[in-house]
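Structure assessment
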Amino acid sequence: MLKITYMGHSAVLLSDGTHEVAIDPFLTGNPLASAKPEDISPKFIVLSHGHGDHLGDTIELAKKNDAMVIATYELANYCSNNGVGKVHHMNTGGSFTFPFGKVTLTVAFHSSSTPDGRYMGDPNGLIIEMGGKTLYHAGDTALFSDMKLIGESRTIDVMLVPAGDNFTMGVDEAAKAVAFVKPKMAVPIHYNTFPVIEINPDDFLKKLPSDVEGKILKPGDRLEL
Ligand code: NI
Ligand code: MN
């Protein structure tokens, strides 16, 4: 069983009933956030890249909960240098099995720096196998045809796909990304947080392949797989 709570923008909380894992916990300063940092207590935080709308409250959350930050090499170092006690360095293409499940960092076409402008290595998409299910959080990315490889070698139960345009794919490309990956379910993320990424998520649903279930999650909604 895998519970997925959407916290707004790209922030997600995963639970298998035993472990809690946060992805890109941007809560403070996120006008759509359904939770405050003090409302959640993840023991693991997985990051797609260093931008402020993804790193978010990671450092404070990790310190308060003695949580492990899992991220690409440069970003894990940054967290460690800022007082996070437990970090796990990874890099694109690698997988590692943690107590909650397996994390694989995939390619994402984007950039990555900290809010203060420091280079943070490559951005990533995240594949997380947890509670018997497989989730693909595409991070911030452009459309690329090698997404096909992600769905070829495994079954993706749910794909979280950025669709807000301007910084990432818009609805047309996001729907095409879903067609490449062929997940069972697709959920749009990274939209309507700010005026520049306003879209109508129904436009995304309409463009999905007919054999993929599209789902719009409002901040605070929880999906149980
Ligand atoms: Ni970004
Ligand atoms: Mn972003």
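Residues numbered from 1 in each chain as written. Chains lettered and ligands numbered in written order. Predicted model: local features only at pLDDT ≥ 70, side-chain atom pairs only at ≥ 80, totals over all residues. Heavy atoms only, no water.

Thoughts on the coordination of the nickel ion (ligand 1)
The following threshold applies: Distances up to 2.8 Å from the metal define which N, O and S atoms are donors, and 3.2 Å serves for Na, K and Ca; water is absent from the atom set, so sites may look incomplete. Every angle between 85 and 135 degrees makes a four-donor site tetrahedral, while opposite donors more than 155 degrees apart, with all other angles between 65 and 115, make a four-donor site square planar and a six-donor site octahedral; other sites are irregular.
For the nickel ion (ligand 1), the full set of protein donor atoms is His-49 (NE2), His-51 (ND1), His-110 (NE2) and Asp-140 (OD), and the range of their distances to it is 2.2 to 2.3 Å. Here the nickel ion (ligand 1) binds four donor atoms, and the angle range of 88 to 178 degrees at the metal identifies the geometry as irregular. Linear spacing of the donor residues for the nickel ion (ligand 1) on their chain is H-x1-H-x58-H-x29-D.

Quick look at the coordination of the manganese ion (ligand 2)
Heads up, the rule is: Each helix corresponds to a stretch of at least 4 residues labelled H or I by DSSP, and each strand to a stretch of at least 2 residues labelled E; elements are numbered beginning at the N terminus. With a 1.4 Å probe rolled over the protein chains alone, any residue whose accessible area is under 20% of its type maximum counts as buried; one over 50% counts as exposed, and the rest are partly exposed.
Only Asp-53 (OD), His-54 (NE2), Asp-140 (OD) and His-190 (NE2) from the protein coordinate the manganese ion (ligand 2), and they sit 2.1 to 2.2 Å from it. Taken as a pair, the manganese ion (ligand 2) and the nickel ion (ligand 1) show a spacing of 3.2 Å, with Asp-140 coordinating each metal. One end of the pair, Asp-140, is in the loop between β10 (133–137) and α4 (147–152); the other, His-190, is in the loop between β12 (185–189) and α6 (201–207), with 50 residues separating them in the sequence. For the pair Asp-140 and His-190, one class covers both residues: buried.

Comments concerning helix α3 (residues 73–81)
The line we're drawing: The directions from the helix axis to the C-beta atoms form the arc being described. The contact definition used throughout considers only heavy atoms, calling two residues in contact when any of these lie within 4.5 Å.
Regarding α3, the residues found buried are Leu-75, Ala-76, Tyr-78 and Cys-79. Projected onto a plane normal to the axis of α3, the buried residues spread over an arc of 155 degrees and lie on a single side. As for α3, its buried residues are in contact with α1 (52–55), α2 (58–65), β5 (68–72) and β6 (86–90).

Some details on the confidence of the model for the protein
To keep things clear, this is the line we draw: Residue-level confidence of the predictor is summarised by pLDDT, bounded by 0 at the bottom and 100 at the top.
Model confidence for the protein is summarised by a mean pLDDT of 98, while 100% of its residues fall at 70 or above. At the level of individual helices and strands, the protein shows its lowest average pLDDT in α4, which scores 96, and its highest in strand β4 (residues 44–46), which scores 99.

A few points about the layout of surface pockets
Leftover empty space is mapped by rolling, across the atoms, a probe with the size of a water molecule. As a reminder, the rule being used: Note on definitions: the grid is 1 Å and covers protein atoms alone; a cavity is a set of points where a 1.4 Å probe fits but cannot get out; a pocket is an open set with protein on both sides within 12 Å along at least five of seven lines; lining residues have an atom within 4 Å of a point. Grid points are joined across faces, edges and corners, and a volume is the space filled by probe spheres set on the points. Three classes are used, and their members are as follows: Ala, Val, Leu, Ile, Met, Phe, Trp, Tyr, Cys and Pro are nonpolar, Asp, Glu, Lys and Arg are charged, and the others, Gly among them, are polar.
Quantified by volume, the largest pocket comes out at close to 190 Å³. Around the largest pocket sit 13 residues that line it, and Thr-106, Val-107, Asp-146, Leu-149 and Ile-150 are the ones nearest its centre. Mapped by element, the contributors of at least two residues to the lining of the largest pocket are β8 (101–107) and α4. Tallying contributions element by element places β8 first for the lining of the largest pocket, with four residues. Looking at the lining of the largest pocket residue by residue, the class counts come to seven nonpolar, four polar and two charged.

Looking at the pattern of salt bridges
Operational definition: Salt-bridge detection follows one rule: a side-chain nitrogen of Lys or Arg within 4 Å of a carboxyl oxygen of Asp or Glu.
Applying the stated criterion across every chain yields a total of seven salt bridges. Of the charged contacts, one joins Lys-184 and Asp-157 as a salt bridge, the two residues approaching to 3.3 Å between their closest N and O atoms. Residue Lys-184 is found in the loop between α5 (171–181) and β12, and its partner Asp-157 is found in the loop between α4 and β11 (158–162); the two are separated by 27 residues along the sequence. For the salt bridge of Asp-221 with Lys-218, the shortest nitrogen-to-oxygen distance reads 4.0 Å.

So, unusual backbone geometry
Not every positive phi belongs to a glycine, and Asp-24 is a case in point at roughly 45 degrees. Within the secondary structure layout, Asp-24 lies in the loop between β3 (20–23) and β4. Residue Asn-166 is not a glycine yet carries a positive backbone phi of 65 degrees. Following the sequence through the fold, Asn-166 ends up in the loop between β11 and α5. Judged by relative accessible area, which is 49%, Asn-166 ranks as partly exposed.

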